[in-house]
Amino acid sequence: YFVGALVALLVGTFMYDNIGRKRSAMIGCMIELPITLCGMFCHDYYFLLAIRFIQGFGEFMVSTPMFILVQEILPAKLRNYSNSLFMIFWALGYAVATAVGYFVHDWNFMFLTATCIMV
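Note that this is a predicted model, so its numbers are computed, not measured.

**A word on the packing of aromatic side chains**
Inference 1: This structure, assessed with the given rule, holds nine aromatic pairs.
Inference 2: Taking the centre distance of 6.4 Å and the plane angle of 70 degrees together, the rings of Y1 and F60 count as edge-to-face. With a gap of 59 residues between them, Y1 in the segment before α1 (2–18) and F60 in helix α3 (residues 45–73) connect regions that are remote in the sequence.
Inference 3: Between W90 and Y94, the ring centres sit 6.3 Å apart and the planes meet at 80 degrees, which makes this aromatic pair edge-to-face. Here W90 and its partner Y94 are both found in helix α4 (residues 79–103), four residues apart, which amounts to about one turn of the helix.
Inference 4: Overall, the relative accessible area of 28% leaves W90 in the partly exposed class.
Inference 5: Residue class for Y94 comes out partly exposed when judged on its relative accessible area of 48%.
Inference 6: A connected cluster of aromatic rings, assembled from ring pairs, spans Y1, F2, F60, W90 and Y94.

Okay, structure coming up:
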C-alpha cells in the first residue's frame with residue numbers, strides 16, 4: 001500500500017503542477033474506486049499485492065492534492081487546525097476499518113464494504 005503511495009507522491013508532484021490539483025484528485029478517485037472493488041474478486045496473494053499497490057497509489061493521488069489545495073485556500077492562522085482535522089479523519093478511518101472488520105470476517109467482503117463507503 002505505502003509503496004504505491006510513494007510512487008503516487010513521486011508521480012503526483014508533476015501532475016499537481018501540470019494538470020491541477022482537482023483533476024489529479026479526480027484521476028486518483030477513478031483509479032482507487034474500481035481497484036478497491038476488484039479486490040473483492042481477488043483470491044491470489046500476488047494479485048492482492050498488486051491491488052494494494054494500486055490502491056495506495058490512488059489513495060495518495062486523492063489525499064495529497066486535496067491536502068495541498070486546502071492549505072493554499074485557508075489563511076495561515078487556520079492551517080494548523082486544518083492539519084489536525086485532516087489527521088483526525090485519517091485516524092478515524094483506521095478506527096472505522098477496525099470496527100467494520102470486527103463484523104465482516106471475509107476480507108473479500110471487506111473490500112466491498114470499503115467500496116460502498118467510498119461511494
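What follows picks up the thread again.
**Side note on the nonpolar core**
Inference 1: Of all hydrophobic cores here, the largest spans six residues; its members are A5, A8, Y16, F57, F60 and M61.
Inference 2: Contributing elements (two or more residues each) for this core: α1 and α3.
Inference 3: The contact partners of A5, leaving out residues within four places of it in the chain, are G56, F57 and F60.

Scoring rules and cut-offs
Sequence order sets the numbering: in each chain, residues are counted from 1 along the sequence as written. With pLDDT at 70 or above as the cut-off, local features in this predicted model cover only qualifying residues; side-chain atom pairs require 80 or more to be listed or tallied, and sums for whole chains, interfaces and linings still use all residues. To obtain the side-chain values, all non-hydrogen atoms of the structure were included, while hydrogens and water were left out. Aromatic contacts are taken between Phe, Tyr and Trp rings whose centres are within 6.5 Å, Trp giving its six-membered ring; a plane angle under 30 degrees counts as stacked, one over 60 as edge-to-face, and the others as tilted. Counting from the N terminus, the helices are the DSSP runs of H or I reaching at least four residues and the strands are the DSSP runs of E reaching at least two. Under the scheme applied here, a residue whose accessible area is under 20% of the maximum for its type counts as buried, over 50% as exposed, and between as partly exposed, the area being computed with a 1.4 Å probe on protein chains only. Among buried residues, the Ala, Val, Leu, Ile, Met, Phe, Trp, Tyr and Cys ones that are joined through side-chain atoms within 4.5 Å form a nonpolar core. Between two residues, a contact is recorded if the distance between any of their heavy atoms is within 4.5 Å.

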